[in-house]
Amino acid sequence: MGRCCVIASWAPWLLKRRAPYCDSPGTNRRLAICRIANPPGASHYGGMNASLPLFVGLVFLLLPSGVRSAPTAAAAPRPNIAVILVDDMGFSDIGCYGGEIPTPHLDQLAARGLRFTQFYNTGRCCPTRASLLTGLYPHQAGVGHMVTDRQQPGYRGNLSDRCVTIAEVLSAAGYRTAMAGKWHVTRYTEPASEAEKANWPRQRGFEHYFGVIKGTANYFRPDSLTRENDPITPPAEGFYTTDAFVDNALQFIDDGDRSKPFFLYLAFNAPHFPLMAPAEEIARFRGKYRVGWDKLRAQRHARQIELGLVDKAWPLAPRPPEVKAWDSLTPVEQDRFDHIMAIYAAVVAHMDTAVGRFVDGLRQRGVLENTLILFLSDNGGNAEAGPDGRCVGQHPGSEDSRVFCGQSWATLENTPFRRYKHFNHEGGIATPLIVHWPARIARGGQFRTQPGHLIDIMATCVDVAGAAYPKEFRGQAIPPMEGRSLLPAFENKPIQRDALFWEHEGNAAVRVGDWKLVRLGRDGPWELYDLKSDRTEQRNRAAAQPKRVQELAAKWEAWAERAQVKPYPAGDPTDTGVPKKGKKKRAVK
């Protein structure tokens with residue numbers, strides 16, 4: 001292809017400000033949200049109706065990879081960045097990753113963008129958030145387990161003062177920064193003083209915040225709902241976290257100095273337990289899951305193969321012995337399980353609709369073209385309630401109910417992989433990653449098979465923003481970023497790195513190339529898998545290749561010392577600091 005002649009011009013375009021939610025006719029839900037978003041007497045954040053400069057007339061040279069050649073820094077504005085994180089969603093739940101739950105808006109993002117097939121999280125809620133925000137492994141950021149202080153450097157339950165967040169880095173580079181959603185990286189969720197808010201969003205680089213500070217939230221009545229630095233109370237009716245987070249995310253984009261690019265972190269609590277959704281949306285899915293997890297797993301696996309997402313040579317991981325064959329259940333048991341999964345599907349579908357509304361909002365504001373969107377999940381499907389799940393309450397899925405999917409449905413959610421949230425086998429740590437950036441991705445619908453990890457999000461944001469990652473911050477030395485920019489992968493080039501590492505509750509793994517060493521618990525034997533031929537981890541090669549096991553184990557041990565995984569905290573590796581009730585949970589496999 002010959003070189004293109006590039007003609008560039010700048011034109012100011014005055015965007016008409018969107019009418020506030022409460023000034024427009026709408027449902028009680030919208031009015032209720034507005035009363036929280038803009039209480040009487042409150043002003044918008046900055047309230048500037050600045051004109052937005054748009055770069056027009058630039059013709060991009062298309063590369064064979066389907067990624068547009070990068071324009072010069074002087075010629076194009078820096079991109080906006082939106083990181084969308086969902087909570088406890090399995091690898092195969094959304095349509096473009098093989099699921100039967102209708103997710104047309106995410107499917108459209110994938111059709112116009114890229115899907116990563118080997119992207120990883122840490123396998124648990126708050127360690128993932130710490131790693132995503134800082135570009136470090138979670139123990140380096142102080143959140144190696146949960147948000148309780150376990151008296152070792154890697155396990156303090158608080159973001160360390162020896163790390164820096166994406167918001168802090170991009171704010172210094174001239175970006176507006178805002179967050180809407182679940183925070184979950186501080187042990188001070190009910191602070192007794194302003195000093196204890198040192199690791200709240202506003203104190204860690206976000207100019208504006210609306211969301212829940214705690215790790216678990218009632219979708220209709222969250223008890224840690226916060227605006228900026230202050231707790232607020234949701235209205236008695238018409239509130240739903242997923243919708244409120246998007247409403248406020250769009251409001252943040254509208255407010256402030258629009259001549260600056262924005263970084264937005266949109267962290268849904270969906271589909272984390274307790275699962276809740278509007279009754280009419282749950283009813284839409286009732287009966288659809290009576291076919292059962294056995295047939296649905298086979299159907300999802302077949303779709304994944306058809307899509308090209310997984311290799312047909314990788315066998316579907318067997319149903320664990322704790323999970324009963326669907327056909328062995330009574331009709332009453334099947335109906336109960338159908339109800340549980342109908343609620344889960346309604347929560348995921350509602351989240352997809354909210355993402356669609358967010359993307360439409362970017363389009364209406366004229367900023368979608370040059371906004372890099374990254375969509376991913378914090379861990380695999382959640383088996384914590386055991387094989388039977390939990391379905392408590394007169395109206396399951398309502399604000400007064402307690403519904404957990406449990407191990408049986410989590411086995412479906414993580415198709416085709418083994419294990420779940422908490423674990424470092426693929427079912428616990430594999431996540432979808434959808435990348436959407438029209439200004440740079442010219443041909444959508446492609447897969448990227450390069451392995452990637454949450455630690456790469458910081459490096460990618462720094463790269464695309466032209467920012468500088470500091471060596472020191474607030475007088476403290478800062479470890480260098482652990483991740484690599486994903487920009488080469490956007491162009492289908494390799495990501496150069498030595499290894500990827502994991503540890504959570506004694507579960508551990510290291511991946512070098514296609515080889516992965518993984519163990520269950522601190523005392524478990526190492527298992528070895530060739531992920532190129534066996535991504536579902538069915539053929540353990542440890543006995544056949546002891547030298548490779550020894551080499552990879554030594555690499556993991558060196559990392560564990562360097563990254564503050566060691567020294568381990570005293571006591572049970574799974575101890576969250578919350579008193580345990582009832583019988584000890586059965587181990588899930």
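Residues numbered from 1 in each chain as written. Predicted model: local features only at pLDDT ≥ 70, side-chain atom pairs only at ≥ 80, totals over all residues. Heavy atoms only, no water.

1. As for the overall build of the protein chain
Inclusion rule: Each helix is a run of H or I in the DSSP string that is no shorter than four residues. Each strand is a run of E no shorter than two, and both are numbered from the N terminus. Note on contacts: a residue pair qualifies if any of its non-hydrogen atoms lie within 4.5 Å across the two residues. We get accessible surface area from the Shrake-Rupley algorithm with a probe of 1.4 Å; when it comes to residues, only the shown protein chains can shield them.
From N to C terminus, the protein chain includes 13 helices and 21 strands. Intrachain contacts of the protein chain at a sequence separation of at least 6 include 76% that bridge at least 24 residues. Carbon and sulfur atoms provide 54% of the accessible area of the protein chain, an area that totals close to 23,000 Å².

2. Thoughts on the packing of helix 5 (residues 241-254) against helix 8 (residues 331-364)
Going by this rule: To get an axis, a line is fitted to the C-alpha atoms, and for a helix only the part in contact is used. The angle between two axes follows their N-to-C directions and goes from 0 to 180 degrees. Any angle that falls under 35 degrees is termed roughly parallel, while one over 145 is termed roughly antiparallel, one within 65 to 115 roughly perpendicular, and all others oblique. Handedness of a crossing is defined here by the sense of rotation of the near helix relative to the far one, left-handed for an anticlockwise turn of less than a right angle and right-handed for a clockwise turn. Three residue categories are used. Nonpolar comprises Ala, Val, Leu, Ile, Met, Phe, Trp, Tyr, Cys and Pro, charged comprises Asp, Glu, Lys and Arg, and polar comprises the others, including Gly.
Where helix 5 contacts helix 8, the two axes come as close as 9 Å, and the packing angle between them is 15 degrees. Classed by the angle they form, the pair helix 5 and helix 8 counts as roughly parallel. The handedness of the crossing between helix 5 and helix 8 is right-handed. Contacts between helix 5 and helix 8 pair Thr242, Asp243, Val246, Asp247, Ala249, Leu250 and Ile253 from the former with His350, Met351, Ala354, Arg357, Phe358, Gly361 and Leu362 from the latter. Residue composition of the contact of helix 5 with helix 8, grouped by class: eight nonpolar, three polar and three charged.

3. Concerning the packing of aromatic side chains
This is how the line gets drawn: Pairing of aromatic side chains requires ring centres within 6.5 Å, counting the rings of Phe and Tyr and the six-membered ring of Trp. Pairs whose planes differ by under 30 degrees are stacked, by over 60 edge-to-face, and all others tilted. Under the scheme applied here, a residue whose accessible area is under 20% of the maximum for its type counts as buried, over 50% as exposed, and between as partly exposed, the area being computed with a 1.4 Å probe on protein chains only.
Evaluated as defined, the whole model comprises 22 aromatic pairs. Residues Tyr289 and Trp409 carry aromatic rings whose centres are separated by 5.8 Å and whose planes lie at 85 degrees to one another, so their mutual orientation is edge-to-face. Taken together, the residues Tyr289 in the loop between helix 6 (279-285) and helix 7 (293-307) and Trp409 in helix 9 (residues 406-413) connect sequence positions 120 residues apart. The buried category is assigned to Tyr289, whose relative accessible area is 2%. Ring centres 4.9 Å apart and planes at 5 degrees place the aromatic pair Phe501 and Trp559 in the stacked group. Taken together, the positions of Phe501 in strand 18 (residues 500-504) and Trp559 in helix 13 (residues 546-562) put the pair 58 residues apart, joining distant regions of the chain. Note on Phe501: relative accessible area 7%, which makes it buried. Residue classification places Trp559 among the buried residues on the basis of a relative accessible area of 2%. Chaining the aromatic ring pairs together yields one cluster made of Tyr137, Phe501, Trp526, Trp556 and Trp559.

4. Let's talk about the sheet that holds strand 21 (residues 527-530)
Counted only if it meets this: A pair of strands is labelled paired if DSSP reports no fewer than 2 bridges between them.
An order of 18-19-20-21 is seen for the four strands of this open sheet, with the pairing classed as antiparallel. Each having just a single partner strand, strand 18 and strand 21 make up the two edges of the open sheet. Shown here is a sheet whose adjacent strand axes are inclined to one another by a mean of 15 degrees, direction ignored. Relative to strand 20 (residues 515-519), strand 19 (residues 507-512) is paired through five bridges, and the arrangement is antiparallel. Each bridged residue has a counterpart across the sheet, and for Val512 the counterpart in strand 20 is Trp515.

5. Regarding the pattern of salt bridges
Rules: Salt bridge criterion: a side-chain nitrogen from Lys or Arg within 4 Å of a carboxyl oxygen from Asp or Glu.
Applying the stated rule across the entire model yields 38 salt bridges. The shortest N-O distance in the salt bridge between Arg187 and Asp149 comes to 3.8 Å. Placement of the pair is Arg187 in the loop between strand 5 (176-182) and strand 6 (208-212) and Asp149 in the loop between helix 3 (125-134) and helix 4 (166-172), with a sequence separation of 38 residues. Residue Lys555 pairs with Asp498 through a salt bridge whose shortest N-O separation is 3.1 Å. Of this pair, Lys555 sits in helix 13 while Asp498 sits in the loop between helix 12 (487-490) and strand 18, and the two are 57 residues apart along the sequence. Residue class for Lys555 comes out partly exposed when judged on its relative accessible area of 28%.

6. Structural notes on the side chain of Thr134
Just so we agree on the cut-off: Pairing of N or O atoms within 3.5 Å defines a polar contact, subject to two protein rules: one partner must be a possible hydrogen donor and the other a possible acceptor, and residues neighboring in sequence count only if both atoms are side-chain atoms.
Within the secondary structure layout, Thr134 lies in helix 3. Looking at Thr134, the relative accessible area reads 0%, which means it is buried. At a separation of 3.2 Å, a polar atom in the side chain of Thr134 contacts the main-chain amide nitrogen of Leu136. Beyond its immediate chain neighbours, meaning those up to four positions away, Thr134 contacts Ala141, Leu159, Cys163, Val164, Met458 and Tyr469.

7. Observations concerning the nonpolar core
Defined as follows: Among the buried residues, those of types Ala, Val, Leu, Ile, Met, Phe, Trp, Tyr and Cys that are joined through side-chain atoms within 4.5 Å form a nonpolar core.
Leu266, Phe268, Met351, Phe358, Phe375, Trp409 and Ile434 are the most contacted members of the largest nonpolar core, which totals 76 residues. Top contributing element to this core by residue count: helix 8, with 17 residues. In contact with Leu266, other than residues within four places in its own chain, are Val83, Ile84, Leu85, Ala180, Phe245, Val246, Ala249 and Phe358. Counting 57 residues, the second largest nonpolar core, distinct from the first, contains Leu132, Phe263, Ala439 and Ile441.

8. A word on unusual backbone geometry
The linkage connecting Ala270 with the following residue, Pro271, adopts the cis geometry, with an omega of -5 degrees. You can see Pro271 is positioned in the loop between strand 9 (262-267) and helix 6. That bond from Thr415 to Pro416 is cis: its omega, 10 degrees, falls within 30 degrees of zero. Locating Pro416 in the fold gives a position in the loop between helix 9 and helix 10 (426-429). You will see that Glu505, though not glycine, has its phi angle at about 55 degrees, which is positive. As for its placement among the helices and strands, Glu505 is situated in the loop between strand 18 and strand 19. Take Glu505: its relative accessible area is 10%, and that puts it in the buried class.

9. Side note on the pairing of strand 5
With seven of seven residues buried, strand 5 lies mostly within the body of the structure. For strand 5 and strand 9, the ladder comprises six bridges, and the chain directions are parallel. When the sheet's bridge partners are listed, Met179 is paired in strand 9 with Tyr265. Note: strand 5 against strand 6, five bridges, orientation parallel. Paired with Gly181 across the two strands is Gly211, which belongs to strand 6.

10. Focus on the side chain of Lys197
Residue position: Lys197 is located in the loop between strand 5 and strand 6. Taking relative accessible area as the criterion, Lys197 reaches 6% and is therefore assigned buried. Apart from residues no more than four positions distant in its own chain, Lys197 is found in contact with Pro191, Gln203, Asn229 and Asp230.

11. Side note on the environment of Ala354
Its place among the elements puts Ala354 in helix 8. Between the alpha carbons of Ala354 and His105 there is a distance of 8.8 Å; along the sequence they are 249 residues apart. Those residues within four positions of Ala354 in sequence are excluded, and the remaining contacts are Thr242, Val246 and Phe268.

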